[in-house]
Amino acid sequence: TDTQRLSMLLYEGRIASLQRAVAFFVLFHEMGKTVCDFWPSVSFGILRYRMDRTQSIMRIASTASPVSGADVREKILELETTKQLARFKALMAPVICDFRNRTRNRF
């Protein structure tokens, strides 16, 4: 019975799980294909999408980032501060020029 149990564990771990995965892939592909074919038929061909192109959107990066989240947060804050400072300088430049021109004309 130990060999039978071992063979069933191997079957479940290798073959049965693969069969379930393929069944889910087929099921979801058929469901996506049905939706893909549905929209052009109800919208007179206006709404449509290519199912092979929409799959590429779902890619997810699984490798760890070489930069920590704290470093990214600090860099974002630094960039926001620099952007605000540049905006302030751009807004104040005409005011400063006008002030300088008025003070020169007084004396």
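Residues numbered from 1 in each chain as written. Predicted model: local features only at pLDDT ≥ 70, side-chain atom pairs only at ≥ 80, totals over all residues. Heavy atoms only, no water.

## Focus: the pattern of salt bridges
Short version of the rule: Salt bridges are counted wherever a side-chain nitrogen of Lys or Arg sits within 4 Å of a carboxyl oxygen of Asp or Glu. For the purposes of this entry, the term helix denotes a DSSP run of H or I that reaches at least four residues, the term strand denotes a run of E that reaches at least two, and both are numbered from the N terminus. A simple rule labels every residue: compare its accessible area, found with a 1.4 Å probe on the protein chains alone, to the largest value its type can have, and call it buried under 20%, exposed over 50%, or partly exposed in between.
Per the stated rule, a full pass over the model turns up 4 salt bridges. Linking Glu 12 and Arg 20 is a salt bridge whose minimum nitrogen-to-oxygen distance equals 2.8 Å. Note that Asp 98 is salt-bridged to Arg 102, the shortest N-O span being 3.2 Å. Here Asp 98 pairs with Arg 102, and both are found in helix α3 (residues 69-106), just 4 residues apart, close to one helical turn. Residue Asp 98 is classed as partly exposed on the basis of its relative accessible area of 39%.

## A few points about the confidence of the model for the protein chain
What counts here: Known as pLDDT, the predictor's confidence for each residue is given on a scale from 0 to 100.
Taken as a whole, the protein chain shows an average pLDDT of 83; of its residues, 85% reach a score of 70 or greater. When the elements of the protein chain are averaged for pLDDT, helix α2 (residues 51-54) gives the smallest value, 68, and α3 the largest, 89.

## So, a nonpolar patch on the surface
Definition in use: A patch consists of residues exposed above 30% relative accessible area that lack any salt bridge, with like charges linked at up to 9 Å and nonpolar side chains (Val, Leu, Ile, Met, Phe, Trp, Tyr) linked at up to 5 Å. Here the Shrake-Rupley method, with its probe set to 1.4 Å, supplies the accessible areas, and only the displayed protein chains count as covering residues.
There is a patch of nonpolar side chains on the surface, built from Leu 18, Val 22, Phe 24, Phe 25, Val 26, Leu 27, Phe 28 and Met 31 and spanning about 840 Å² of accessible area. If you trace the backbone, Phe 25 turns up in helix α1 (residues 2-42).

## Concerning α1
Put simply, the rule reads: To estimate how far a helix should extend, the number of its residues minus one is multiplied by 1.5 Å. We define the bend at each residue as the angle formed by axes fitted to the 7 residues ending at it and the 7 residues starting at it.
Taking 1.5 Å of rise per residue, 41 residues should cover 60 Å, and α1 covers 58 Å from first to last C-alpha, within 8% of that figure. Of all bends in α1, the biggest is about 40°, found at Glu 12. Three or more residues of α1 are buried, namely Ala 16, Gly 32 and Cys 36. Count one or two residues on from α1 and you reach Phe 44, which has phi positive near 55°.

## Thoughts on the packing of aromatic side chains
We count it as follows: For this analysis, a ring pair means two rings from Phe, Tyr or Trp (six-membered ring only for Trp) whose centres lie within 6.5 Å, classed as stacked if their planes differ by under 30 degrees, edge-to-face if by over 60, and tilted for the remaining angles.
Taken as a whole and assessed by the stated rule, the structure comprises 2 aromatic pairs. Aromatic side chains Phe 24 and Phe 28 sit 6.3 Å apart centroid to centroid with 20° between the ring planes, which places their arrangement in the stacked category. One end of the pair, Phe 24, and the other, Phe 28, are both in helix α1, 4 residues apart, so they sit about a helical turn from each other. Seen from their ring centres, Phe 38 and Trp 39 are 5.3 Å apart, and the 70° between their planes marks the pair as edge-to-face.

## Description of the side chain of Ser 43
Filter applied, for reference: The term polar contact refers here to a pair of N or O atoms within 3.5 Å; inside protein, the definition further demands a hydrogen-donor-capable atom paired with an acceptor-capable atom, and it admits residues adjacent in sequence only when both atoms are side-chain atoms.
Topologically, Ser 43 is positioned in the loop between α1 and α2. For Ser 43, a relative accessible area of 12% translates into the label buried. There is a polar contact of 2.7 Å between the side chain of Ser 43 and the backbone oxygen of Trp 39.

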